[in-house]
Amino acid sequence: MGGVQAQSWPAKPITLVVPFSPGGTTDVLARALADRLQGPLGQPVVVENKPGAGATLGAAAVARAPADGYTLLMGAVHHTIATSVYKKLSYSFERDLAPITTVALVPNVWVINAATPAQDVKSMVELIRRTQPAMTYGSNGVGTLQHLIGTQLSEQFGVSLTHVPYKGSGPLTTDLIGGQVHMSFDTITPVLPHIKAGKLRALAVTSAKRSSALPEVPTLDEAAVKGFDMGTWFGVLAPAATPKEVLSRLHREMVAIIRSPEFGQRMRDIGAEPIGDTSEEMAQRIAADTARYAQLVKKARVTLD
């Protein structure tokens, strides 16, 4: 697309791809942003869910899409982990996608069904040790941060846990409430209403500091594991060859929304911290996490063809 075409962008609806099923944090953030973005852009912004393979199917679709600004990805930290987990990805998250801005940071939380007798991390670890066969934990797919948190805690506590991958937080949370899986390490957003309703119990958040949405819940650092700090970021990316004028316009409009009081309150209501950084800062975040999680993935021996 040439300069004249870039100046007339957008001339048709824009698709924001969510690489998970509806109902999870990625989906909630994408829809909150899309609803507000179509006003300043003057075109509909349609959220399209493309779940599967630990969020890599949706990312691959956007990486292969025309670089014209009409197909975007709501990416997340999971994609930096998948780079090391999946040996044969059809795309490079760092080379084939251009960061626009980080939308929000959301702590993960260790959560169990409220009927489980454990009341805190210590008693839960004791229960895991006593239970045979191994207790189960759900995640949003192989190679996601939830999966990696589970492997790290299994090693930290010297216990066995069975991993059950899902295509998103919606079906995972339903099964957790129904007792089909014992626990999850999901982001706060999809489980917060059920924690408040007493259907789920939060044992600890996995970030370095407590969540303002769950101020009474300790961090894992406080509860048992010194130095533990894993949280999930979410941000928007476009195919790498998208014109700079289009990327700049998207960045400007998105950051204005993310930093608005209305959007900030919406984020706080779901346990998220709005960011709205530069594309360069997001690229640095991606590079740092890709290197960091490559080491953890190697240590955990979590790889797939």
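Residues numbered from 1 in each chain as written. Predicted model: local features only at pLDDT ≥ 70, side-chain atom pairs only at ≥ 80, totals over all residues. Heavy atoms only, no water.

Enquirer: Describe in detail unusual backbone geometry, supporting the description with residues and values.
Expert: Of the consecutive residues Trp9 and Pro10, the connecting peptide bond is found in the cis state with omega at 0°. Positionally, Pro10 belongs in the loop between helix H1 (3-8) and strand E1 (14-18). Note the cis peptide between Gln132 and Pro133, where omega equals -5°. Examined against the element boundaries, Pro133 turns out to sit in the loop between helix H5 (121-130) and strand E6 (135-139). Unlike most non-glycine residues, Ala53 shows phi in positive territory, near 55°. Position of Ala53 among the secondary structure elements: in the loop between strand E2 (45-49) and helix H3 (56-64). Of the residues examined, Ala53 reaches a relative accessible area of 34% and is grouped as partly exposed. (Helix = DSSP H or I, 4+ residues; strand = E, 2+ residues; numbered from the N terminus. Buried < 20%, exposed > 50% of the residue type's maximum accessible area, 1.4 Å probe, protein only.)

Enquirer: Tell me about the packing of helix H2 (residues 25-41) against helix H11 (residues 261-269), and name the residues and values.
Expert: The geometry of H2 relative to H11 is characterised by a closest axis approach of 12 Å and an angle of 165° between their N-to-C directions. It follows that H2 is roughly antiparallel to H11 by the angle criterion. You can see that H2 and H11 cross each other, and the crossing is right-handed. Residues Val28, Leu29, Ala32, Leu33 and Arg36 of H2 form the contact with H11, whose participating residues are Glu262, Phe263, Arg266 and Met267. Broken down by class, the residue content of the contact of H2 with H11 amounts to six nonpolar, no polar and three charged. (Axes fitted to C-alpha atoms, helices over the stretch in contact; angles between N-to-C directions. Parallel < 35°, antiparallel > 145°, perpendicular 65-115°, else oblique. Left-handed = near helix turned anticlockwise from the far one by under 90°. Contact = heavy atoms within 4.5 Å. Nonpolar A, V, L, I, M, F, W, Y, C, P; charged D, E, K, R; others polar.)

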